[in-house]
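Residue-level structure breakdown
The lines below spell out each chain.
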Amino acid sequence: MDWQKEDLKYIWHPCSQMKDYETLPPIVIDYAEGINLYDINGKCYKDVISSWWCNLLGHCNPRINAAVKKQIDSLEHVIFANFTHKSAITLCQELIKVLPEGLCKFNFADNGSAAIEMALKMSFQYHYQTEHPEKKRFMALTDAYHGETLGALSVGGVDLYSELYKPILLDVVRIEGPDCYRCPYGLERDCCNCECFKKAEEAFEKYGEETAAIIVEPLLQGSAGMKVYPPLYLKKLRELCNKYNVHLIADEIATGYGRTGKMFAFNHAGVSPDIMCLSKGLTGGYMPMAVAITTRKIYDAFYDDYLKGKAFMHSHTYAGNPLACSAAIEVLKILREDNIIEKANKKAEYFNKVIKEKFLPLKNVGEVRSIGLINAIELVKDKETKEPLDYKKRTGYQIYKKALQNGVLLRPLGDVIYFNPPLIIEKNDMDFVTDIALKCTKEILEN
Ligand SMILES: *Cc1c(COP(=O)(O)O)cnc(C)c1O
């Protein structure tokens, strides 16, 4: 069977111009182990982007496999209204031990965007039910990414995804967010006082009263090209939100689960959000599951006699899926018992050092930035002026194709090459993937 041909006969792949598949047909993966993906011809690809940032502890992790197998023989799924099961309860008990203080009520969904929708609706309804019906707008940062359903897309600020749909999106208050590589104030990420925060202050002064919540990707704007900003920004935002009775929603879908070197990015700032959304790493990349976690205070504003009409009437059929919960419980166990994050932080030092040594000397590398094991290499036309490459040349895409030929799955964001590997990556693989990435980058840039 020609699997590639059959695929193209039926499947419309996500986030793809399908015409590109004429020259780069889909790679048919047969099995996987650790960071390795194997196609039907036995060729290996190093998955250093964790299959869209969700694989946390390697593919076909024996412990997670066993946990899911055990679950499937007792309960595969059950309606989550009025019914519950041990795995969902256990997951909450375990998760609450590691969450920022105050987050204690868990509302389940089945993908990240759905959790964002839930957070936005929850915030609006909270204010509505606490005598602030005027609070019906949301704030978000430039270059934000929060998913692709209409609400999530509305708060997102990456034009590539949202520009076309603007006529049907919510009217969001857009705040110019931190842009540390091209800081308009000429300051440095490691030692600034977040001067850019005054844009948030101005927006709150103008729109704070009518705003229900602000949503942020804490410390790392992933889809924008792995843009990193300092924890101080979150601290200041927490204070500002308190002052204006605006909820702070943490989209930790990409940053949670040790990706930034701590369990959650918010841990770096030492403050708590009012609602936190998790997905991706939550199940180790096994099952589609997400959760919006909130405070007792928000929960209580919905708690009343049925006829008061205050319930949160939001549901997803697969909410609290037991198979996903069983994977998620095992992920937390492995993180704790094997000191995964601590070990990943040691590896991160090495990874960052190697990447800087290899890439910074290239004349088209503008910046190497890192947080946790995530490292991003921003390619530019001119190092001095930081002028971007001509996007029409699709340099990142050319590097992607070349790296695939060489057995490494990179998936550059525009002209930003990045690594966001499973936390269990080993040193020899770090050496290998950075060698290949360097070789391919040089070859494409020299052409
Ligand atoms: C992936 C992602 C989402 C959306 O999650 P989906 O499961 O793809 O809908 C939202 N926010 C951030 C920060 C993400 O990285």
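Everything in this summary refers to the structure shown in the same document. (Residues numbered from 1 in each chain as written. Predicted model: local features only at pLDDT ≥ 70, side-chain atom pairs only at ≥ 80, totals over all residues. Heavy atoms only, no water.)

**Observations regarding the site of the ligand**
Spelled out, the test is: Working definition: residue near molecule or strand if any one of its non-hydrogen atoms lies within 4 Å of it. The term polar contact refers here to a pair of N or O atoms within 3.5 Å; inside protein, the definition further demands a hydrogen-donor-capable atom paired with an acceptor-capable atom, and it admits residues adjacent in sequence only when both atoms are side-chain atoms. For every accessible area listed, the method is Shrake-Rupley and the probe measures 1.4 Å; residues are considered covered only by the protein chains on display. Polarity classes work like this: nonpolar for Ala, Val, Leu, Ile, Met, Phe, Trp, Tyr, Cys and Pro, charged for Asp, Glu, Lys and Arg, and polar for all others, with Gly in that last group.
Neighbouring residues of the ligand: Trp-53, Asn-111, Gly-112, Ser-113, Tyr-145, His-146, Gly-147, Glu-217, Asp-251, Ile-253, Ala-254 and Lys-280. The backbone of Gly-112 places a nitrogen or oxygen atom 2.7 Å from an oxygen atom of the ligand. Compared with its free state, where it exposes 380 Å², the ligand has 83% of that area covered by protein. Looking at the shell around the ligand residue by residue, the class counts come to four nonpolar, five polar and three charged.

**Remarks on unusual backbone geometry**
Note the following rule: Accessible area is worked out with a 1.4 Å probe on protein chains only. A residue is then buried under 20% of its type maximum, exposed over 50%, and partly exposed in between. Comment: elements are numbered from the N terminus, with helices defined as DSSP H or I runs of at least four residues and strands as E runs of at least two.
Unusually for a residue other than glycine, Ser-50 sits at a positive phi of about 50 degrees. The exposure class of Ser-50 is buried, given its relative accessible area of 0%. Look at Ser-51: it is not a glycine, yet its phi comes out positive at around 45 degrees. Assignment of secondary structure puts Ser-51 in helix 2 (residues 50-53).

**Some details on the nonpolar core**
Counted only if it meets this: Here, the term nonpolar core denotes a set of buried Ala, Val, Leu, Ile, Met, Phe, Trp, Tyr and Cys residues that are joined through side-chain atoms within 4.5 Å. Any two residues whose heavy atoms approach within 4.5 Å are treated as being in contact.
Formed by 111 residues in total, the largest nonpolar core has its most connected members in Phe-204, Ile-214, Tyr-233, Tyr-257 and Leu-335. Tallying contributions element by element places helix 12 (residues 322-337) first for this core, with 10 residues. When near neighbours in sequence (up to four residues on either side) are disregarded, Leu-335 contacts Leu-56, Leu-57, Tyr-257, Met-263, Ile-340, Ile-341 and Leu-423. Judged by nonpolar contacts, the second largest core, of 27 residues, contains Ala-119, Met-122, Phe-138 and Ile-298.

**Side note on the pattern of salt bridges**
Filter applied, for reference: The rule for a salt bridge is simple: a side-chain nitrogen of Lys or Arg has to be within 4 Å of a carboxyl oxygen of Asp or Glu.
In this structure the tally under the stated criterion is 27 salt bridges. Its salt-bridge partner being Arg-137, residue Asp-171 comes within 3.1 Å of it at the nearest N-O pair. Placement of the pair is Asp-171 in the loop between helix 7 (159-162) and strand 6 (173-175) and Arg-137 in strand 5 (residues 137-141), with a sequence separation of 34 residues. Its salt-bridge partner being Lys-353, residue Glu-357 comes within 3.8 Å of it at the nearest N-O pair. Highlighted residues: Glu-357 and Lys-353, both in helix 13 (residues 340-359), separated by four residues, approximately one helical turn.

**Quick word on the packing of helix 14 (residues 395-405) against helix 15 (residues 427-446)**
Selection criterion: In this analysis an axis means a line fitted to C-alpha atoms, helices contributing only their contacting stretch, and an angle means the value between N-to-C directions, from 0 to 180 degrees. Geometric relationships in this document are graded by angle, where less than 35 degrees denotes roughly parallel, more than 145 denotes roughly antiparallel, 65 to 115 denotes roughly perpendicular, and other angles denote oblique. Helix crossings get a hand from a simple test, with the near helix turned counterclockwise from the far one by less than a right angle marking a left-handed crossing and a clockwise turn marking a right-handed one.
Relative to each other, helix 14 and helix 15 sit at 130 degrees, their axes nearing to 9 Å. Our classification of the angle between helix 14 and helix 15 gives oblique. For the crossing formed where helix 14 meets helix 15, the hand is right-handed. Counting all contacts with helix 14, which are made through Thr-395, Gln-398, Ile-399, Lys-402 and Ala-403, the residues of helix 15 involved are Ile-436, Cys-440, Thr-441, Glu-443, Ile-444 and Leu-445. The residue makeup of the contact of helix 14 with helix 15, split by class, is six nonpolar, three polar and two charged.

**Here we look at the pairing of strand 2 (residues 36-39)**
Rules: Being paired, for any two strands, means DSSP has found at least two bridges between them.
Alternating residues of strand 2 divide into Asn-36 and Tyr-38 and Leu-37 and Asp-39, and every residue in both groups is buried. Here four bridges tie strand 1 (residues 29-33) to strand 2, and the two strands are oriented antiparallel to one another. By the bridge assignment for strand 2, Tyr-31 is matched with Tyr-38. What sits between the antiparallel neighbours strand 1 and strand 2 is a turn of two residues, in which Gly-34 has the positive phi angle 60 degrees. Where strand 2 and strand 3 (residues 44-47) come together, three bridges link them in antiparallel fashion. The partner of Tyr-38 across the bridge, within strand 3, is Cys-44. Following strand 2, the chain reverses through four residues before pairing antiparallel with strand 3; Gly-42 in that reversal takes a positive phi of roughly 90 degrees.

**Digging into the sheet that holds strand 2**
Ordered in space as 1-2-3-16, the four strands form an open sheet in which the pairing is mixed. On the outer flanks of this sheet lie strand 1 and strand 16 (408-409), each paired with one strand and no other.

**Here we look at helix 15**
Basically, it comes down to this: Given the number of residues in a helix, its expected span is that number minus one, multiplied by 1.5 Å.
Counted at 1.5 Å a residue, the expected span for helix 15 with its 20 residues is 28 Å, and the 29 Å between its end C-alpha atoms agrees. Within the sequence span of helix 15, burial applies to Asp-429, Met-430, Val-433, Thr-434, Ile-436, Ala-437, Leu-438, Cys-440, Thr-441 and Ile-444. At its buried positions, helix 15 is contacted by strand 3, helix 13, strand 14 (374-382), helix 14, strand 16 and strand 17 (416-419).

**As for the side chain of Thr-294**
Along the chain, Thr-294 falls in strand 12 (residues 290-295). Ignoring any residue separated from it by four or fewer positions in sequence, one finds Thr-294 in contact with Gly-102, Leu-103, Cys-104, Lys-105, Met-122, Asp-274 and Ile-275.

**A closer look at the sheet that holds strand 6**
Read across the sheet, seven strands follow the order 4-12-11-10-7-5-6 without closing on themselves; strand pairing throughout is mixed. Only two strands of the sheet have a single partner each, and these edge strands are strand 4 (103-109) and strand 6. Recorded for the sheet is a direction-independent mean angle of 20 degrees between the axes of neighbouring strands. Here strand 4 runs beside strand 12; their pairing, made up of six bridges, is antiparallel. Within strand 12, the position partnered with Phe-108 by the bridge is Val-291. Running over the sheet, helix 8 (residues 198-207) touches strand 5, strand 6 and strand 7 (211-216) and is turned about 160 degrees from strand 6.

**Observations concerning the packing of aromatic side chains**
Worth spelling out the cut-off: Note on ring pairs: Phe, Tyr and Trp rings are taken, using the six-membered ring of Trp, and paired if centres are within 6.5 Å. Classes follow the plane angle, with under 30 degrees stacked, over 60 edge-to-face and the rest tilted.
Going through the model one piece at a time under the given rule, you end up with 13 aromatic pairs. Relative to Tyr-233, the ring of Tyr-229 has its centre 5.5 Å away and its plane inclined at 75 degrees; by these criteria the two rings are edge-to-face. Relative accessible area serves as the criterion here: at 1%, Tyr-233 is assigned to the buried category. With 6.0 Å between their ring centres and 35 degrees between their planes, Tyr-397 and Tyr-400 make a pair best called tilted. With a gap of three residues between them, Tyr-397 and Tyr-400 both fall in helix 14, about one helical turn apart.

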